[in-house]
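Overview (structure and organization)
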Amino acid sequence: MTSVLISGASVAGPALAYFLSRHGFTVTVVERAPALRPGGQAIDVRGTALTVAERMGILSDVRRCRTRMNGMSMLDGDGNELWRSTEMAMSSGRLDSDDVELLREDLSLLIHDRTKDDVEYLFGDSITSLAQDERGVRVTFERADARPFDLVVGADGLHSNVRRLVFGPEREFVHHLGTYLSIFSMDNYLGLENWQTWFNDGNTGGAIYPVRDNTELRVNLGFHSEEPVTYDHRDVEAQKRLVAERYTDARWEVPRLLKAMWDAPDFYFDSMAQVRMERWSAGRVTLLGDAGYCASPLSGQGTSLALVGSYVLAAELARSGHETAFAAYEERMRPWVELNQALVESNRDHSEETSSGESPLDHVKNAIQLPW
């Protein structure tokens, strides 16, 4: 029985674990965090990814957990409304679409619940070395005892540890897009009801929207910087200081949002960036989702790429040995990845639509066929 170690327990890793375990593989997932990570933004499951969710048996639950926005407003830096829409929201697109928007943590929990009885999870641990030979990969961990696996998959995000260990430094593959984003939760003190509020104030801006039956706000604060900003992606307090410094002169409700930020237990911060690589596999190791081909949240397709990539990789591994399977996975996925990464430029103006009412995303989300 083939053993597979997956690094990362957000969406891509557990989704791959689900399909591999159904194909008879022995699967272990290692995750640096002590448990499933809370918080995060609302994400979208679109097009072909909805079919993957259906085949995973979670589509009805995904739809049950969806956000239920009625529209959005765009404000200037003083809080004056510039425009509003009851037909679309910038986080999810058209409100009458079949696409589903839900919180990242809800999707992660749904997939974990589907896999926890069949997959070994190692929380609070991380890979420290990978040594390959013709028989497999010997893996050492920060805490667990070293052991061999037949295959290793890096599904550990933009700052992938597996990618660094096997392919080299992050700077060779991560391409910054000039935007940084923070996300955190706070009480819905504004009393928003299924309504997104966005604001733009020069080089800073953001959004707030209610979740959990309008009891909680998810706050997004972002800023532009043409030059990459140096920061430690594990130092949360330093990241909060960085955001606060950028918003020193911000108006409207921003001072109150910043005050909540300091106490937020689920604060997240990172650059909007893409991962571009000539190949995703080396020997018995391959990359999945953001680790290998992050399109950035600006594409609106990161979660769909993760779900479809998981299904395709598992299907190809079930059909053939890893060398053939990794090549087939990349051959099938790469054209679609490139289409999705190209969406960033098209999506910079979220209101851009064709005369038929379609956005550039509508032409991409179904532009891949599943292996079976």
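Anyway, here's the lowdown on the structure attached to this text. Since this is a predicted model, take the numbers as computed values, not measurements.

1. Things to note about the environment of G124
Counting through the fold element by element, G124 comes out in the loop between β9 (120-123) and β10 (127-132). As a C-alpha pair, G124 and P34 span 90 residues in sequence and 4.1 Å in three-dimensional space.

2. Quick word on the layout of surface pockets
Here the idea is plain: a probe the size of a water molecule rolls over the atoms and shows the empty space left. Here the second largest pocket defines a volume of roughly 240 Å³. Lining the second largest pocket are 13 residues, and of these R66, T67, V211, R212 and D213 lie nearest its centre. Looking at the lining of the second largest pocket, its residues break down into five nonpolar, three polar and five charged.

3. Topic: the sheet that holds strand β12 (residues 147-149)
Reading across from one edge, β10-β11-β12 is the order of the three strands in this open sheet, with antiparallel pairing throughout. Pairing within the sheet leaves two strands with one partner each, and these edge strands are β10 and β12. Averaged over all adjacent pairs, the angle separating strand axes in this sheet is 30°, with direction ignored. Strand direction decides the pairing type here: strand β11 (residues 137-141) and β12, joined by three bridges, are antiparallel. What sits directly across from R138, in β12, is P148.

4. What about the packing of helix α1 (residues 12-22) against helix α4 (residues 104-115)?
Orientation of α1 relative to α4, taken along the N-to-C sense of each, is 25°, at an axis distance of 9 Å. What the angle tells us is that α1 and α4 run roughly parallel. Judged by the twist between their axes, the crossing of α1 over α4 is left-handed. In this structure, α1 uses P14, A15, A17, Y18 and R22 to contact α4, whose residues at the interface are I111, R114 and T115.

5. As for the pattern of salt bridges
Pairs may arise between side chains of opposite charge once their charged atoms sit close together. Under the defined criterion, the tally for this structure stands at 24 salt bridges. The salt bridge involving E81 is made with R84; its shortest N-O contact spans 3.0 Å. Since its relative accessible area comes to 51%, R84 is described here as exposed. E237 is the salt-bridge partner of K240, the closest N and O atoms lying 3.8 Å from each other. Here K240 and its partner E237 are both found in helix α6 (residues 236-246), three residues apart, which amounts to about one turn of the helix.

6. Remarks on the side chain of R46
Among the secondary structure elements, R46 is positioned in the loop between β3 (42-45) and α2 (48-56). Judged by its relative accessible area of 4%, R46 falls in the buried class. In this structure R46 touches S91, S92, G93, D99, G300, Q301, S304, L361 and K365, once residues within four positions along its chain are discounted.

Rules behind the numbers
- Residues numbered from 1 in each chain as written.
- Predicted model: local features only at pLDDT ≥ 70, side-chain atom pairs only at ≥ 80, totals over all residues.
- Heavy atoms only, no water.
- Helix = DSSP H or I, 4+ residues; strand = E, 2+ residues; numbered from the N terminus.
- 1 Å grid on protein atoms, 1.4 Å probe; cavity = no way out; pocket = protein on both sides within 12 Å on 5 of 7 lines; lining within 4 Å.
- Points joined across faces, edges and corners; volume = space filled by probe spheres on them.
- Nonpolar A, V, L, I, M, F, W, Y, C, P; charged D, E, K, R; others polar.
- Pairing = 2+ DSSP bridges.
- Axes fitted to C-alpha atoms, helices over the stretch in contact; angles between N-to-C directions.
- Parallel < 35°, antiparallel > 145°, perpendicular 65-115°, else oblique.
- Left-handed = near helix turned anticlockwise from the far one by under 90°.
- Contact = heavy atoms within 4.5 Å.
- Salt bridge = Lys/Arg side-chain N within 4 Å of Asp/Glu carboxyl O.
- Buried < 20%, exposed > 50% of the residue type's maximum accessible area, 1.4 Å probe, protein only.

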